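Results of the structural survey
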Amino acid sequence: MEPHLAGTERRLLSELTRLDLDTETLVETLVEALDRLDLLDRHLDAGARETSEVRAITAQLSSALAAHGAVELIGARGERAAPDTHHVVDVTDAAGLEADTVVKVVKRGVRYRGTQLRPAAVVVSSGKGAQA
Amino acid sequence: MTAIGIDLGTTNSVVATYDPERKRSRLLTVGGERKVPSVVSVHRRDGRDELLVGRNALRWAMNDPENTILSVKRLMGRDFTDPAVQETRRQRSYRIVPGPDDDPRAHVMLLDEVHAPAAVSAFILEYLAGGAAQTLNAPVTHAVITVPAYFEEAQRKATQEAGERAGLVVKRIIDEPTAAAIAFGYEATDLDRRRVLVYDLGGGTFDISLLNATRDRQGQPHFQVIEFNGDTWLGGDDFDALIVERIIDWVRTNAETDPSGDPEFMFRAKEAAEEAKRWLSEHDSADILLKYAYETAEGTRGDVAMSLTRAEFEAMIEPRVDRTIKLIRTVLDEQNLTSYDITDVLLVGGATLIPKVYETVEEFFGKDKVRRDVDPMECVAIGAAILANTLHGVRCQSCGTVNDESADACAECEHSLVNARSAGDTHVHDVTGMALGINAVKGSHRDTFVPIIPRNTAYPMGEPIRHSFALTDGKRIRVPVYEGDSMRASENREQGVIEYELPQEIDVHSRVDVAFMFDRNRVLHVTITVPGTDFELHEKLRFDAPRTPPVPPPPENRDTADSTDLIFAQEMTTEFLCDYEQYLDPPQAMKIRADLDLAQQTILFAEPAERRRMLSVLESDLFNSGPASALLLADHAAERATGDEAIRLNQTIASVKNAHREGRRSVVDEQVRYLRVLVSAIRNQDVPEIPDAEDYAGLLRLLDS
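Everything numeric in this text was worked out from a predicted model, so none of it was measured. (Residues numbered from 1 in each chain as written. Chains lettered and ligands numbered in written order. Predicted model: local features only at pLDDT ≥ 70, side-chain atom pairs only at ≥ 80, totals over all residues.)

**Looking at the packing of helix α5 (residues 176–185) of chain B against helix α10 (residues 379–390) of chain B**
Residues and elements named next belong to chain B. Two elements in contact, α5 and α10, have axes separated by 7 Å at closest approach and are oriented at 80 degrees. Considered as vectors, α5 and α10 are oriented roughly perpendicular to each other. Only Cys-379, Val-380, Ile-382, Gly-383, Ala-384, Ile-386 and Leu-387 of α10 make contact with α5, whose side of the interface consists of Glu-176, Ala-179, Ala-180, Ala-181, Ile-182, Ala-183 and Phe-184. Considering only residue class, the contact of α5 with α10 consists of 12 nonpolar, one polar and one charged. (Axes fitted to C-alpha atoms, helices over the stretch in contact; angles between N-to-C directions. Helix = DSSP H or I, 4+ residues; strand = E, 2+ residues; numbered from the N terminus. Parallel < 35°, antiparallel > 145°, perpendicular 65-115°, else oblique. Contact = placed C-beta atoms within 7 Å. Nonpolar A, V, L, I, M, F, W, Y, C, P; charged D, E, K, R; others polar.)

This is the structure we're talking about:
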């Protein structure tokens, strides 16, 4: 390869790496904002006027992230937790739920371009109430 | 061959590699992380059990705390009864049990199966090696593994065993401070005649080591660990816990509720504490805001909104930081040194990045001495990696051939490689932190510690160190090996035991030599020989054998009893010498006369302990003096024997005396053996007037006692 082309390739790779790191930081920040919205939604007084608005913003943000092909959100109620994607914060007995089923998402997890930026922090079912 | 350095930590482990040509080291990520939690757990799903190691195990800990093994390093090679093990039992949720088949060492339960700590460490090492291989894109075959300087024989052996179980050729087990010093030394320009203190404040433990560092004529650095101390339950995690406690206190004060039982609150508080600790390293104040963090008395969710200043944080951790300085003073006092005598201080461990910690150390030693140019999180692994890639085999002392580290004997000339040095050696010399020796009998004291390898001995040793003993129990020998500095064996830590039955042809009065030697990995090689015979036993220490039972306390009113017993024994021994001297070797007779003189002095002037010791010496004279003792016992037994027993006994006594008169030694030996069997049978019925010599269960006796 011509020397000036090799230099260009190096600069390009460096720029792409920087962009990737910037995007990672942006994604992490947005997921943290989603966590705060989730928290707000969970604890707003029943029938509060803001509830629908909070939910709308949460959905909008989630959709925007999900639409980005390289971003994958982890952590949803009802999914089976796994050690490589979920951090178990607590275990609870939940009627009708298999062991390791996510009962509550404390913090969402996120993966960017296949690399896990953080796991989801979750409360899972013990499985003791699975037969109920 | 791909070799790595592994810092196998209590809380986290780190892996590094080193390119000797470019003199570049680098950390290897394992599972995407530079610092891997030293944790093993199990994920049970759909009837299958999957072993989890590292971060995944930690994430799953809450789900199955009983099957999550944290800080297994605290248990490595330790007995179940060890206070450190009992403290770990109190602090951890998993089950810690004694080993199977009377193995006194602590084991852990994982999925209802008993595992040695070495096996659990092997899971971690295997994971680290596998992850490193993935990063390097080459199979990892060899490793240098680090251990704390205070690790004893059994603990080092357990670590080496863990490496081998993980499929690695363990090139060297090296002290953590030495590894840190290697990482530092390769970058230093002026290392001559330095005295280096390594201050290692990790996640859960604190270690101080004092090293002497010099350069030889070729410019190669030498390191010797000359002193160490520490606190096995003090680390950076304590600082996080203090902040969490402060958050809990804030809630208690402001909301009059205790959130510490809420796992979700504790998770968020711990995350916030770690973040605040990092923030306070560079800022004067940190805000801790946790929305809807706890349940109020009214049933609503309350917020944590507090701030923590650096001054408050420093005041919180000050007692613990001061404790580290107190321990440093102890180390310096032990060596009669002051802070002025230390030329360099190396900061190791993530917690040394906290300003309060390094500023306190700088204040104590002087800022110019404290080196922070070595990454404290990485330097131990990097030092190990340097060594792993500098050593390239073991050089045979006989023919010079370089063999692989896994070889026991030279591939070329079959010469033993036990005391061979590594090829490409960096001339790094670790020294033993404590004396290694055996429990033997001295006089009547059965709890005597006889050091064989003294403290501060450099290894690999060029040749073994030998010590001579006598037998106490016929052919059976039991050599419990202890490590420590107390003259009482029971106050040191038992590492293992060697038990052996000597062959019949060995005279029970023979001298027995015990030789100890440490190879380059501080693995102990024990040789037992009987001078004047071909007998030579190369035995390995059994780490899983039951420990030596505690010495029973002396009975009450023992002092009076001792005097009476000693006078009685003196009279008996005088009679014995008079009646059986012809059956004693001249040196034996001389020794007994000298013992009688000494006994007279002891009765008149000595302390009770010395009288007991003398009593034991006379008892030994009476009952362990070859054919003469056998005849004494037989004559006493014959007075009680009746019928056929009496006839057989008297015939055998006559045979012994005849054979002795005729100088037929082998016949004497044979008849004496027969005599002992007969006497034993009669004694089992009733021969009360002969006091038994104490049963020492095969312990060896110091020759000069």
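Continuing now.
**Things to note about the domain arrangement of chain B**
All names here are of chain B. Partitioning chain B into domains gives domain 1 (3–177), domain 2 (236–317), domain 3 (435–539) and domain 4 (558–704). Put simply, the middle of domain 1 and the middle of domain 3, counted by C-alpha atoms, are 32 Å apart. Listed by partner, the interface residues are eight residues for domain 1 and 10 residues for domain 3. Per-element accounting of the side of domain 1 that touches domain 3 gives the leading share, five residues, to helix α4 (residues 153–165). Here the side of domain 1 that touches domain 3 is composed, by residue class, of two nonpolar, one polar and five charged. (Domains from an automatic or database assignment.)

**Observations concerning the sheet that holds strand β21 (residues 402–403) of chain B**
Pairing is antiparallel in the open sheet, where three strands are placed in the order β21-β20-β22 (chain B). Two strands lie at the open edges of the sheet, namely β21 and β22 (421–422) of chain B, each paired on one side alone. (Pairing = 2+ DSSP bridges.)

**Some thoughts on the packing of helix α3 (residues 117–136) of chain B against α4(B)**
All names here are of chain B. Axis separation between α3 and α4 bottoms out at 8 Å; the angle between their running directions is 50 degrees. In terms of their interaxial angle, α3 and α4 are classed as oblique. As α3 runs across α4, the sense of the crossing is right-handed. Where α3 abuts α4, its residues Pro-117, Ala-118, Ala-119, Ser-121, Ala-122 and Leu-125 lie against Ala-158, Thr-159, Glu-161, Ala-162, Gly-163 and Arg-165. In terms of residue class, the contact of α3 with α4 is built from seven nonpolar, three polar and two charged. (Left-handed = near helix turned anticlockwise from the far one by under 90°.)

**Concerning the sheet that holds strand β8 (residues 96–98) of chain B**
Residue and element names in this part refer to chain B. Pairing within the open sheet is antiparallel, and its three strands lie in the order β8-β9-β10. Unpaired on one side and paired on the other, β8 and β10 (113–115) mark the two borders of the sheet. On average, each strand axis in the sheet is inclined to that of its neighbour by 45 degrees, with strand direction left out of account. Both strand β9 (residues 106–110) and β10 contribute to a ladder of three bridges, which runs antiparallel. Bridge pairing links Val-108 to His-115 in β10.

**Let's talk about unusual backbone geometry**
Residues and elements named next belong to chain B. Despite not being glycine, Asp-102 shows a phi value in the positive range, around 65 degrees. A positive phi angle, near 65 degrees, is found at Asp-112, a position not held by glycine. Within the secondary structure, Asp-112 sits in the loop between β9 and β10. What makes Asp-112 exposed here is the crowd of 8 C-beta atoms within 10 Å. (Buried ≥ 20, exposed ≤ 12 C-beta atoms within 10 Å, placed from the backbone.)

**Some words on the nonpolar core**
The biggest cluster of nonpolar side chains holds 172 residues, and the ones touching the most others in it are Val122(A), Ile4(B), Ala16(B), Leu346(B) and Ala384(B). Among the elements that line this core, the one with the most residues is α3(B), at 11 residues. Within the second largest apolar cluster, 32 residues are counted, among which are Leu584(B), Ala599(B), Ala641(B) and Val656(B). (Core = buried A, V, L, I, M, F, W, Y, C linked by C-beta atoms within 7 Å.)

**Regarding the interface of chain B and chain A**
With 15 residues of chain B at the contact, the number on the chain A side is 18 residues. Of all the elements in the fold, those that place two or more residues in the side of chain B that touches chain A are β5 (39–45), α1 (55–59), α7 (263–280) and β16 (285–295) of chain B. Counting residues per element, the side of chain B that touches chain A draws most heavily on α7(B), at three residues. Residues of the side of chain B that touches chain A, tallied by class, amount to six nonpolar, four polar and five charged.

**A short note on the environment of Met109(B)**
Residue and element names in this part refer to chain B. With respect to the helices, strands and loops of the structure, Met-109 is situated in strand β9. Along the chain, Met-109 and Thr-564 lie 455 residues apart, while their C-alpha atoms are 54 Å from each other. Excluding its chain neighbours within four sequence positions, the residues that come into contact with Met-109 are Tyr-94, Arg-95, Val-97 and Val-114.

**Comments concerning the pairing of strand β24 (residues 435–442) of chain B**
Residues and elements named next belong to chain B. Most of β24 sits inside the fold, with seven of its eight residues counted as buried. The sheet contact formed by β24 and strand β28 (residues 476–484) spans four bridges and is antiparallel. Counterpart to Leu-436 in the pairing with β28 is Glu-483. With six bridges joining them, β24 and strand β25 (residues 445–453) adopt antiparallel strand pairing. Counted as the bridge partner of Leu-436 is Ile-453 from β25. Where β24 lies against strand β33 (residues 700–702), two bridges are found, and the strand directions are parallel. Bridge assignment links Ala-440 to a residue of β33, and that residue is Leu-700.

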